[in-house]
Amino acid sequence: MALRTTLLLYGIAMVENAPILTLQHAGLTIEGYSRAAVQTYWRIPELKIGFDLGAQPWDFMNMPTWLITHTHLDHAACLPVYIARRRMMRMEPPAIYLPAECLEWTQRLLRVWQHLDRGRLTCQLHGVSPGDEIELTREYVVGVFRTVHTVPSVGYLVWNRRHKLKPEYHGLPGEKIRDLRLSGVEVTREVRTPVLAYTGDTSPEVFELYPTLYDAKILITELSFILPSHKKDKIHKFGHMHLDDLLERAERFRNELIIVAHFSTRYHPQQVHRYLEKRLPDSLRNRIKIWI
């Protein structure tokens, strides 16, 4: 709403320049769109983060932090546009995270576009590697994990973290716990819950590399191919997944919600819905959202 008001004050009408699907679950809103070789972009307004920038809907401009999985054009082409629009609207420079191997080349790219556009492209650009963590707030932190694609790529897992009293101090009066804390004793321990995982483009090997994906409340993953005529070995070679990869792991998914997206343009949306509704087992059917 604040962004809409700002745009109208500057005489800029809201433009429906990119499709958006929306879903709410576990106190979070998931918005975005993803189609293989076309464009991919997501945002989680409550966490003030976005994933990938293959395009940038006008209404996504107020997201201050973007987590990019890899630099294929359908996932990153809109990066300079987003940065330029933020500056045009006099917003703070955004924070952009992307694979460390891509940092130098992305810096070069932005310098080239800055020269061509004659406008400053100011942002906080950070390279990340598997095992890194990104502090969002006191309650949320993002972990970086390796994915398997044809270019350097990573995925992101949002953790909720809370500090709980250690078991050995249960039952102690409040003043005693306070005194221990003031004396330098660590009376609490950090407890983390995997809230939302986003894989970007990857082969199914990612689930073996990072099995915590099975435990995130919300899992957003690619499912580029679904028909038997598309061979899995070739699909995996190019860093993508087939429906069979999902079905083979059906009993391992403990997620409350699984969003499958990034379907190949070979498929019509109705074809995807009909085929998945026929193939999905009962253990997955009620938890999967087909994002197309």
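Up top is the structure these notes are about.
This structure is a prediction, so every number in the text was calculated from the model and none was measured.

Undergrad: Explanation requested: the nonpolar core in the structure shown.
TA: As a rule of thumb, soluble globular proteins bury nonpolar side chains together. Counting 33 residues, the largest nonpolar core has Ile226, Val260, Phe263 and Leu276 as the members making the most contacts within it. Going through the elements one at a time, strand 9 (140-146), strand 10 (154-165), helix 6 (205-209), helix 8 (243-248), strand 13 (257-261), helix 9 (269-279) and strand 14 (288-290) are the ones with two or more residues in this core. By residue number, the principal contributor to this core is helix 9, which donates three residues. Counting residues in hydrophobic clusters, the runner-up holds 27 residues, among them Leu28, Ile30, Val128 and Ile134.

Undergrad: Just to check I follow, could you spell out the pairing of strand 13 for this structure?
TA: In terms of burial, strand 13 is a largely internal element, five of the five residues being buried. Neither face of strand 13 is exposed, since Leu257, Ile259 and Ala261 on one face and Ile258 and Val260 on the opposite face are all buried.

Undergrad: Would you explain the packing of aromatic side chains in this entry?
TA: What characterises a pair of aromatic rings is the spacing of the ring centres plus the angle enclosed by the ring planes. Under the criterion given, the structure shown has 12 aromatic pairs. Residues Phe207 and Phe253 carry aromatic rings whose centres are separated by 5.5 Å and whose planes lie at 85° to one another, so their mutual orientation is edge-to-face. With Phe207 in helix 6 and Phe253 in the loop between helix 8 and strand 13, the pair connects residues that are 46 residues apart, well separated along the chain. Of the two residues examined, Phe207 and Phe253, each falls in the buried class. Taken together, the aromatic side chains of Tyr33, Tyr41, Phe60, Trp66 and Tyr82 make up a single cluster linked through ring pairs. The positively charged end of Arg85 is found above the aromatic ring belonging to Trp58, 4.9 Å away from the centroid.

Undergrad: Explain the pattern of salt bridges to me, please; I cannot follow it from the model alone.
TA: For side chains of opposite charge, pairing can occur when their charged atoms come near one another. Applying the stated criterion across every chain yields a total of 13 salt bridges. With a closest N to O distance of 3.6 Å, Arg252 and Glu208 form a salt bridge. Here Arg252, found in the loop between helix 8 and strand 13, pairs with Glu208, found in helix 6; they are 44 residues apart in sequence, far enough to count as distant. Glu208 sits in the partly exposed class, given a relative accessible area of 43%.

Undergrad: How should I be thinking about helix 4 (residues 103-117) in this particular structure?
TA: Because each turn of an α-helix spans 3.6 residues, side chains separated by three or four positions in sequence point in the same direction. The first and last C-alpha atoms of helix 4 sit 21 Å apart over 15 residues, in line with the 21 Å expected at 1.5 Å per residue. Where helix 4 ends, the next residue or the one after it, Arg118, has phi of about 60°, a positive value.

How each quantity is defined
- Residues numbered from 1 in each chain as written.
- Predicted model: local features only at pLDDT ≥ 70, side-chain atom pairs only at ≥ 80, totals over all residues.
- Heavy atoms only, no water.
- Core = buried A, V, L, I, M, F, W, Y, C linked by side-chain atoms within 4.5 Å.
- Buried < 20%, exposed > 50% of the residue type's maximum accessible area, 1.4 Å probe, protein only.
- Helix = DSSP H or I, 4+ residues; strand = E, 2+ residues; numbered from the N terminus.
- Phe/Tyr/Trp six-rings, centres within 6.5 Å; stacked < 30°, edge-to-face > 60°.
- Lys NZ or Arg CZ within 6 Å of the ring centre and 35° of its normal.
- Salt bridge = Lys/Arg side-chain N within 4 Å of Asp/Glu carboxyl O.
- Expected span 1.5 Å × (residues − 1).

Coordinates in, geometry out; function isn't part of it.
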